[in-house]
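What follows is each chain in one-letter form.
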Amino acid sequence: MSVFRKDAFGRAWVLLSPERGLLSSDFGSVPQPPERSPLSPGVQGPVKEIAAFRDRDTGEPWTMRVVSHPGDLLSGRHFATEGDELFLSGSPLGYQELVVEHPDARQTLDGMPKDHVVDVLRLYRDRLDLLAKRPGVEHVQLTRNVGRAAGALFEHPHAHLLALPVPNRWVEEEMEAGRRYHDAHGECLFCAVLRREFGAKERIVTANAEFVAIAPFASKTPFETWILPRRHAAAFTDVPANHLPLLADILQGVLRALNDALDSPPYNMALHTSPRPDRGGFHWHFEVLPRLTTQAGYDWGAGFFVNPTPPEDAARFLREALALQQVAG
């Protein structure tokens, strides 16, 4: 039977409606990328190199690099606003970068060697830390779009880094929910949810000593998966270096399970983090959202999400996919 569930981390309600069925999607699976892309070594693409990382042993011109965003409309000048509460505008202060994660356009984050993924995560962390410290920055984010249906700019493994002087709606909702819960109960909302999830176990996808992947109780889309640190931490930039291999393990495992269970779907991955480590009511996390369905007029008109796949079922499917990986590996 259908049931409403309230998202503890924001204002959204979700209608879980298994009888609706997983409607067919125009998205399909992600096609195999070409051997070369505008981000490949030696290609004169539409980007400017900011930093490059090279491994003398491989002979590659670079193993990872940071480049400018080709459509960057932001500038580094002082942020100023004008107008009033009805008509408020601000100058386009901000910073955009692309992290090109591998020289091979055909690589995927889940298919790269683990050591390389650890280096990619370290690069994410260090670049976000640098951006967060720039004057006027109040919000930093990282997103990965895989597949054209998910808004991918290039068919090449990459992430988009963004730093802005204005807040992000979704992160602000989560921070506000965290503040209210912390004021009322004296503990982190995310930590309280994780404690309950470990007790119930039905929405836990996988876990290791430092990180856990869950299907959220009020999952907005089929197979929505969150990856969180098990210890309280507001800022991704504070992840210790010795924890990055465990994060790489769980991230690659989740992405492989999604690919195996759903035939390599397009997906979006977003990092929700505080730019600074002093947010007591917030807890950084990655959100992975496979693009499996379209939102219909009912969804938009009703003002809440309709999800045909209960998160308990999604978690079970992904646990089974992970178990098969272990058997095959």
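Look a little higher up for the structure.
Please read all numbers here as calculations on a predicted model, not as lab measurements.

Q: Quick one: what's the story with the packing of helix H2 (residues 169-185) against helix H3 (residues 189-200), residue by residue and with numbers?
A: Relative to each other, H2 and H3 sit at 80°, their axes nearing to 8 Å. Comparing their axes, H3 and H2 come out roughly perpendicular. Of H3, the residues touching H2 (which contributes Glu 174, Ala 177, Gly 178 and Tyr 181) are Leu 189, Phe 190 and Ala 192. Partitioning the contact of H2 with H3 into residue classes produces 5 nonpolar, 1 polar and 1 charged.

Q: Which residues make up the packing of aromatic side chains, and what values do they have?
A: Inspection of every chain in the model, using the stated rule, returns 8 aromatic pairs. The structure contains a cluster of three or more aromatic residues connected by ring pairs, namely Phe 9, Phe 190, Trp 226 and Phe 282. The ring of Trp 170 is capped by Arg 169, whose NZ or CZ atom sits 4.2 Å from the centre of that ring. Lying over the aromatic face of Phe 317, Arg 316 brings its terminal NZ or CZ to 4.9 Å of the ring centre.

Q: Any chance you could break down the pattern of salt bridges for me, citing the residues and the numbers?
A: A complete count under the given rule lists 21 salt bridges for this structure. Ionic pairing is found between Arg 54 and Glu 49, a salt bridge with its closest N-O pair at 3.9 Å. You can call Arg 54 exposed: its relative accessible area is 53%. When the shortest N-O distance is used, the salt bridge between Arg 127 and Glu 97 registers 2.6 Å.

Q: Lay out the sheet that holds strand E8 (residues 139-146) with the relevant residues and their values.
A: Ordered in space as E3-E4-E7-E9-E8-E13-E14-E12-E11-E10, the 10 strands form an open sheet in which the pairing is antiparallel. Looking along the sheet, the strands with just one partner apiece sit at the ends: strand E3 (49-53) and strand E10 (204-207). The sheet shows a mean angle of 15° between the axes of neighbouring strands, taken without regard to direction. Where E3 lies against strand E4 (residues 64-68), 4 bridges are found, and the strand directions are antiparallel. Residue pairing across strands places Ala 51 opposite Val 66, the latter belonging to E4.

Q: Please provide a residue-by-residue account of the pairing of strand E14 (residues 285-290), values included.
A: In terms of burial, E14 is largely enclosed, as 5 of its 6 residues are buried. Sheet analysis places strand E12 (residues 225-229) next to E14, joined by 3 bridges and oriented antiparallel. Among the inter-strand pairings, Trp 226 is bridged to a residue of E14, identified as Glu 287. Pairing between strand E13 (residues 267-272) and E14: 6 bridges, direction antiparallel. Residue His 272 lies in a different strand from E14, and its bridge partner there is His 285.

Q: Could you give me a rundown of the pairing of strand E11 (residues 211-214), with the residues and numbers involved?
A: Within a regular strand, side chains alternate between the sheet's two faces. On E11, burial covers both faces: Phe 211 and Ala 213 on one face and Val 212 and Ile 214 on the other are all buried. With 3 bridges joining them, E10 and E11 adopt antiparallel strand pairing. Opposite Ile 204, over in E11, you have Ile 214 as the bridge partner. Two elements, E11 and E12, share 4 bridges in a ladder whose sense is antiparallel. Considered in E12, the bridge of Val 212 is made with Leu 228.

Q: Give me unusual backbone geometry: which residues, what numbers.
A: The phi dihedral of Lys 201 falls on the positive side, at around 70°, and the residue is not glycine. Within the secondary structure, Lys 201 is located in the loop between H3 and E10. Its identity as a non-glycine residue notwithstanding, Ser 264 has a phi of 50°, on the positive side. Owing to a relative accessible area of 30%, Ser 264 belongs among the partly exposed residues under this scheme.

Q: Lay out the side chain of Glu 174 in plain terms, naming residues and giving numbers.
A: On the secondary structure map, Glu 174 appears in helix H2. Buried charged residue Glu 174 carries no salt bridge. Nearest counter-charge: Lys 220, at 6.0 Å. Sequence-distant contacts of Glu 174, defined by excluding residues within four places in its chain, comprise Phe 9, Phe 190, Trp 226, His 272, Phe 282, His 285 and Glu 287.

Q: Describe in detail the sheet that holds strand E15 (residues 305-307), supporting the description with residues and values.
A: The 3 strands lie next to each other as E1-E2-E15, forming an open sheet whose pairing is mixed. The two strands at the open ends of the sheet, each matched to only one other strand, are strand E1 (3-6) and E15. Direction aside, the axes of adjacent strands within the sheet are offset by 30° on average. One ladder, built from 4 bridges, connects E1 with strand E2 (residues 13-16); its direction is antiparallel. Paired with Arg 5 across the strands is Val 14, a residue of E2.

Q: Describe the environment of Glu 97, listing the residues and the values that go with them.
A: Positionally, Glu 97 belongs in strand E7 (residues 95-100). Taking relative accessible area as the criterion, Glu 97 reaches 3% and is therefore assigned buried. Glu 97 sits 63 residues away from His 160 along the chain, and the two C-alpha atoms are 6.0 Å apart. Setting aside anything within four residues of it in sequence, one finds Glu 97 in contact with Ile 50, Val 66, Val 67, Arg 127, Leu 131, Ala 159, His 160 and Leu 161.

Reading the values: the criteria
- Residues numbered from 1 in each chain as written.
- Predicted model: local features only at pLDDT ≥ 70, side-chain atom pairs only at ≥ 80, totals over all residues.
- Heavy atoms only, no water.
- Axes fitted to C-alpha atoms, helices over the stretch in contact; angles between N-to-C directions.
- Helix = DSSP H or I, 4+ residues; strand = E, 2+ residues; numbered from the N terminus.
- Parallel < 35°, antiparallel > 145°, perpendicular 65-115°, else oblique.
- Contact = heavy atoms within 4.5 Å.
- Nonpolar A, V, L, I, M, F, W, Y, C, P; charged D, E, K, R; others polar.
- Phe/Tyr/Trp six-rings, centres within 6.5 Å; stacked < 30°, edge-to-face > 60°.
- Lys NZ or Arg CZ within 6 Å of the ring centre and 35° of its normal.
- Salt bridge = Lys/Arg side-chain N within 4 Å of Asp/Glu carboxyl O.
- Buried < 20%, exposed > 50% of the residue type's maximum accessible area, 1.4 Å probe, protein only.
- Pairing = 2+ DSSP bridges.
- Lys, Arg positive; Asp, Glu negative; His and termini not counted.

Read these as spatial facts, not as claims about activity.
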